[in-house]
Amino acid sequence: MGMKKSHRKPALIPLSRPNATVMPQAIAWTAYRWRDQISGTDLLEVRFPAAGGGEGSALFPISVVDARQRLIAGLRDNGALLPMDQQSRDAIIGGILAAIPDEPGLQAGRSGWHDNVFLYAEDPINGAANKIRLRDDIALKVSELGVTGGTLSRWQAKVARPAAKSTYVSFAIAAALAAPISGFAELDEGAVFNFHSKSSTGKTTALLAALSVAGKAKKLPDWNASGRALHERSAAHSDLPMVLDDLERFRADEGGRVRSLSNRLHTITGGRSSSLSTVVRDSLPELEWFAWVLSSGPLSLREEFERERLEPSLGDERRWIDIKVPPEESGGIWDRVTPGETPRQLAERSEAVKSACRSNYGIPMKRWLRHLTANYTTISGEVRAHVDQYVALACPRASGPERSIARKFGAVYAAGQIAVQIGLLPWTPAFVLDVCRDLRASNALTASRRDVAVSQARSALKAAVIDRQRVPVLGSGQPSFLSDDSFDGFRQVRNGVEVLFLRWETIDRVCGAASEKILRDLRDAGALRGGQGGKKTLQVRLMLNGQESKLRFLAFDPHLFAAALSPQAPGVQ
């Protein structure tokens, strides 16, 4: 058997650039063979001297090897400098075809880990550039990453060290470093860390500091994108920090803002794009990723839901981790400075960090990825040990969704600890623990306030249904009321079974944003009876001011209803 060709092999005929006095070296015609990770098809990439100078490239289906004229036309369409005489042209095309490798490299559909190689934008860390590349359509979404500026020492002195005066900026930096190791932390899904406050408090400074770890952007990306565009950005930032500023600009699909936000949240953190019809699948293939997002906005997720009088699910809150930034009058992000600094001094701190981020960027992530790939066989166990240590130190009794959230903070803690250990971050291990523990405690306090609000709503609803003026006990026969606004519901025995009928408006008025949560609890407890045709409500004929009317009610078993609203009810938290 003959020796297999390497993946990359120059064609037989190199061609000099037109302006040889400017760049006298030859630019070779080079052939690559790639196998697309998404479609599984093989492609031919040809890199060539461009007619306008420099190097160009073009991708073709591998079938082009049997159609020379199609290959020649495609090269010309893409600006290749092909000779005019047929003999020279045939020699180049023949050299390209002879140089096509037998074994394809990987054309990846996402950034991040591919075995022990980390694809960082178009830079394969710990791998050869002729063995792996990023799809062009995905690479366009990651242009801000992989570029570098300044030096590591200046970034440490001008960004990381000043960040130690802010729990929030420090956390954002450590969270950016956590993205490549989050997959080793045994998490069920990705995460969105959302810095929120209603005033100008420095949220953008925190996001810029996070982005400076991995690259540079003239303008922070925001939430104003279609679902498909966010899927492509997520694939481009797989295992990398994805910054999305300004949640106010979120573009809702049909069905309302918060339901769209919840759907988008689950898709992004779930790591897979929606399945599309076969008609568009070739142009819009299914994508996969692992998402680690840093976001900002004026409202928390719960506040977004409350604006529409809805309640986020535990699944929403496990994926979307809110970090409340102190108000401007309390110093905003600069919570660790000497008391008494003026608003002007605080603003100058923010401007100094933002200015430093614009000239020092990208180098920390490259140094970090080189460390991770060099220690690939041991880094997974090291990360898990740090995550377990954090949970044991910061929240040993956390369970369920709170434990899931705690492990995500633990991934940030692990990144901070390892980065301090290798000299990448100029902090101390104790400082990293304080930062992660303080912000996790703040998030847990938010969850505690949520539980208090739900508990208060349960008590209010329980009190409302025992008000015999608004929820009377009726005898047999058709219910009759003076007017539509004179009652909230009624109890009545039907077919030998007592039923509690409540109007949806009553539950919404009494329970507010907790209405959906309480209805889920009642349904799970078996207290909510189904309506006709699988509907949640039941249509009832009744008399209003002497006129027969039809109104819809939620129908409950009154005994299970009372038990489900009890603080001691099993499964109710």
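Our subject in this report is the structure included herewith.

Rules used in this analysis
- Residues numbered from 1 in each chain as written.
- Predicted model: local features only at pLDDT ≥ 70, side-chain atom pairs only at ≥ 80, totals over all residues.
- Heavy atoms only, no water.
- Helix = DSSP H or I, 4+ residues; strand = E, 2+ residues; numbered from the N terminus.
- Areas by Shrake-Rupley, 256 points an atom, 1.4 Å probe, with all protein chains shown as cover.
- Lys, Arg positive; Asp, Glu negative; His and termini not counted.
- Charge placed at Lys NZ, Arg CZ, Asp CG, Glu CD.
- Phe/Tyr/Trp six-rings, centres within 6.5 Å; stacked < 30°, edge-to-face > 60°.
- Buried < 20%, exposed > 50% of the residue type's maximum accessible area, 1.4 Å probe, protein only.
- Lys NZ or Arg CZ within 6 Å of the ring centre and 35° of its normal.
- Salt bridge = Lys/Arg side-chain N within 4 Å of Asp/Glu carboxyl O.
- Pairing = 2+ DSSP bridges.
- Axes fitted to C-alpha atoms, helices over the stretch in contact; angles between N-to-C directions.

Notes on the overall build of the protein
Looking only at helices and strands, the protein has 18 helices and 21 strands in total. Overall, the C-alpha framework of the protein stretches about 100 × 60 × 45 Å when taken along its three principal axes. Carbon together with sulfur atoms contributes 50% to the accessible area of the protein, which is approximately 25,700 Å² in total. Averaging the locations of the 75 positively and 62 negatively charged side chains of the protein gives two centres separated by 2 Å.

Comments concerning the packing of aromatic side chains
Taken as a whole and judged by the stated rule, the model has 21 aromatic pairs. When the ring of Trp113 is compared with that of Phe118, the centres are 5.1 Å apart and the planes differ by 85 degrees; the resulting orientation is edge-to-face. Note on Trp113: relative accessible area 11%, which makes it buried. Centroid distance Trp427 to Phe431: 5.3 Å. Interplanar angle 65 degrees. Geometry classified as edge-to-face. Residues Trp427 and Phe431 agree in their burial class; the two are buried. Arg349 extends its terminal NZ or CZ atom over the ring of Trp334, reaching a point 5.9 Å from the ring centre. Lying across the ring of Phe487, Arg503 places its NZ or CZ 4.8 Å from the centre.

A few points about the pattern of salt bridges
When the charged atoms of two side chains lie near each other, side chains of opposite charge can form a pair. Following the criterion strictly, the structure yields 36 salt bridges and no others. Between Lys408 and Glu189 there is a salt bridge, with the nearest N and O atoms lying 2.6 Å from each other. Of this pair, Lys408 sits in helix α14 (residues 400-421) while Glu189 sits in the loop between α5 (167-178) and β12 (191-196), and the two are 219 residues apart along the sequence. For Lys408, a relative accessible area of 0% gives the class buried. Since its relative accessible area comes to 4%, Glu189 is described here as buried. When the shortest N-O distance is used, the salt bridge between Arg228 and Glu232 registers 3.3 Å. Of this pair, Arg228 and Glu232 both sit in helix α7 (residues 227-236), four residues apart, which is roughly one turn of that helix. Of the two residues, Arg228 and Glu232, both sit in the buried class.

Digging into the sheet that holds strand β8 (residues 112-114)
Two pairing modes exist for strands in a sheet, parallel and antiparallel, and in both the strands are linked by backbone hydrogen bonds. Read from one edge to the other, the open sheet built from three strands follows the order β8-β9-β10, with strand pairing classed as antiparallel. Where the open sheet ends on each side, the last strands, each with one partner, are β8 and β10 (123-125). Neighbour to neighbour, the strand axes of the sheet diverge by 30 degrees on average, direction disregarded. Taken together, the three bridges between β8 and strand β9 (residues 117-120) define a ladder with antiparallel strand orientation. From the neighbouring strand, His114 faces β9, where its bridge partner is Val117.

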